[in-house]
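# Observations on the model geometry
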Amino acid sequence: RILNELINKPLCAKDLASILNITVQTISYHLKKLNEAGLIRLVKTIEKRGAIAKYYMTELNALTILFNSSLANDNSSTSNIKILNKYVSFLHPILSNGKFNAKIIVGSPDIHGEYKTRARCAGYAVDLALFLGSLLPFTENLVTKLDTEVNDKDLKENLILIGGPKVNMVTLKVNKFLPIFFDLSEGSVMISKVSGKTFRGEEEGSIQIIQNPFNLDSKILVLAGNTHIGTKASIVGFIKHLSRVAQGNIWNKNIIANVVSGIDLNSDGIIDDVEFLE
């Protein structure tokens, strides 16, 4: 009952006691336990009449409780809970307070930008949006924009960029800040600042998160490949292997930056899985 109340807005023990008709002492005890378990987090403190009121919100937007003792003792079950908590952590503030808090930027399908290209990966945003919507209730706001529509205000928000710097002008703007950047002097080649390796395959793509250089309080998730095929591989890798992405780069776990290579498992000409190269 406490979690149900805290998913909507921050509340303190006194507020919850009034809503749930339970003593403040009992509420405070359970808030302490929920906070220790990582299910809620302190968002602010306010001084009221000489006392400090602590306001909490839920850390997750959904929770499954397993009453089967064999499942409760299963290490994989515990591992899944830890992974889910890590999703919330490394995708924050793109996903925050049980909400989607970003704009998805796709390249325009019209000829545009200094490279005079057309983007072919806008449709992949649908798969990504469906996946993000499965993690939390999706927003009612319009969250997708073409790169040609992005203004200076948009650049300061949390962003998800789909497509490489030749087809997405916003990816071009942040390219130099990426741990795995695109060298455009010879077509499109990815170079890792982490490992020093170069990746040239058309089916190779990157999954990386950086602080927004235009606003350090925001973050940017980049899903981009050497070609539109590589970009598709990036999105497939993000959707199918989010737990692996959360582990960071194999050379530096503190950096969320991976290189993946698309795999066509059933030989139908469509990428349906990936191999992690870095």
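The numbers attached to residues start from 1 for each chain and follow its sequence in the written order. With the structure being a predicted model, the display of local features is reserved for residues of pLDDT at least 70 and the display and counting of side-chain atom pairs for 80 or more, all residues being used for whole-chain, interface and lining totals. Calculated side-chain values reflect all of the structure's heavy atoms, with hydrogen atoms and water omitted.

## Here's the deal with the sheet that holds strand β10 (residues 198–199)
The pairing of strands in a sheet happens through backbone hydrogen bonds and is either parallel or antiparallel. Using the following cut-off: Any two strands with at least two DSSP bridges between them are considered paired. Per the convention used, a helix needs a DSSP run of H or I reaching at least four residues, while a strand needs a run of E reaching at least two, with both numbered from the N terminus.
One open sheet holds the 3 strands; their spatial order is β8-β9-β10, and the pairing between them is antiparallel. Every interior strand has two partners, whereas the edge strands, β8 (180–183) and β10, have only one. Where β8 lies against strand β9 (residues 189–192), 4 bridges are found, and the strand directions are antiparallel. In the strand pairing of β9, D183 is matched with V189.

## Side note on the confidence of the model for the chain
Our working definition: For every residue, the pLDDT score states the predictor's confidence, bounded by 0 at the bottom and 100 at the top. Whether two residues touch is decided by their heavy atoms; if any such pair falls within 4.5 Å, the residues are in contact.
Residues of the chain with pLDDT of at least 70 account for 87%, and the chain-wide mean is 87. Contacts for the low-pLDDT stretch residues 76–81, under 50 throughout, to residues beyond four places or in other chains number 3 contacts.

## Topic: the pairing of strand β13 (residues 257–263)
Note the threshold: In this scheme, a residue with accessible area under 20% of its type's maximum is buried, one over 50% is exposed, and one in between is partly exposed, where area comes from a 1.4 Å probe on protein chains only.
Burial of β13 is extensive: 6 of the 7 residues sit out of reach of the surface. In terms of strand pairing, strand β11 (residues 204–211) meets β13 through 5 bridges, oriented antiparallel. Bridge pairing in β13 links S206 to V259. Examined bridge by bridge, β13 and strand β14 (residues 273–276) share 4 bridges and lie antiparallel to one another. In the sheet register, S261 faces β14, and the bridge partner there is E275.

## A closer look at the sheet that holds β13
For the record, the criterion: Inter-axis angles, ranging from 0 to 180 degrees, are taken between N-to-C directions of lines fitted to C-alpha atoms, where helices are fitted over the stretch in contact.
Read across the open sheet, the 7 strands follow the order β6-β5-β7-β12-β11-β13-β14; overall the sheet is mixed. Edge positions in the open sheet fall to β6 (144–146) and β14, since each of these has one partner strand only. Here the average twist between neighbouring strands, direction ignored, is 25°. Across the sheet, helix α6 (residues 124–135) touches β5 (103–106), β7 (159–162) and β12 (219–225), and the angle it forms with β7 is around 145°. Of the strands in this sheet, β7, β11, β12, β13 and β14 touch helix α9 (residues 228–240), which is tilted by about 125° from β12.

## Let's talk about the packing of aromatic side chains
The condition that has to hold: Only Phe, Tyr and Trp rings take part, Trp by its six-membered ring, and two of them pair if their centres are within 6.5 Å. Stacked means planes under 30 degrees apart, edge-to-face means over 60, and tilted covers everything else. Placement of a positive charge over a ring is assigned whenever Lys NZ or Arg CZ falls within 6 Å of the ring centre and within 35 degrees of the normal to the ring plane.
Scanning all chains against the criterion turns up 1 aromatic pair. Considering the side-chain rings of F131 and F238, the 6.0 Å spacing of their centres and the 85° angle between planes classify their relative orientation as edge-to-face. In this pair, F131 sits in helix α6 while F238 sits in helix α9, placing the two residues 107 residues apart along the sequence. Judged by relative accessible area, F131 falls into the buried class, the value being 15%. Residue F238 is classed as buried on the basis of its relative accessible area of 0%. Looking at K44, its charged tip hangs above the ring of Y55, at a distance of 5.0 Å from the centre.

## A closer look at the pattern of salt bridges
Condition: A pairing counts as a salt bridge when a side-chain nitrogen of Lys or Arg comes within 4 Å of a carboxyl oxygen of Asp or Glu.
One pass over the full model with this rule turns up 5 salt bridges. Close ionic contact of E157 with K103 constitutes a salt bridge, the shortest N to O distance being 3.1 Å. Remark: K103 occurs in strand β5 and E157 occurs in the loop between α7 (152–155) and β7; sequence separation between them is 54 residues. Of the residues examined, K103 reaches a relative accessible area of 16% and is grouped as buried.

## So, empty space enclosed by the protein
Put simply, the test is: A pocket, in this scheme, is an open set of points on a 1 Å grid over the protein atoms alone with protein on both sides within 12 Å along at least 5 of 7 lines, while a cavity is a set where a 1.4 Å probe fits but cannot get out; residues line either one if an atom lies within 4 Å of a point. Grid points are joined across faces, edges and corners, and a volume is the space filled by probe spheres set on the points.
If you walk through the whole model with that rule in mind, you get 1 cavity of 30 Å³ or more. There is about 40 Å³ of room inside the largest cavity. Every residue along the wall of the largest cavity is listed here: H112, G113, E114, Y115, T117, P165, K166, M169 and L172.

## Considering the pairing of strand β1 (residues 40–48)
Bridge analysis of β1 against strand β2 (residues 51–58) gives 8 bridges, and the strand direction is antiparallel. Bridge assignment links K44 to a residue of β2, and that residue is Y55. A loop of 2 residues connects β1 with β2, the two strands running antiparallel in sequence, and R49 in this loop sits at a positive phi of about 55°.

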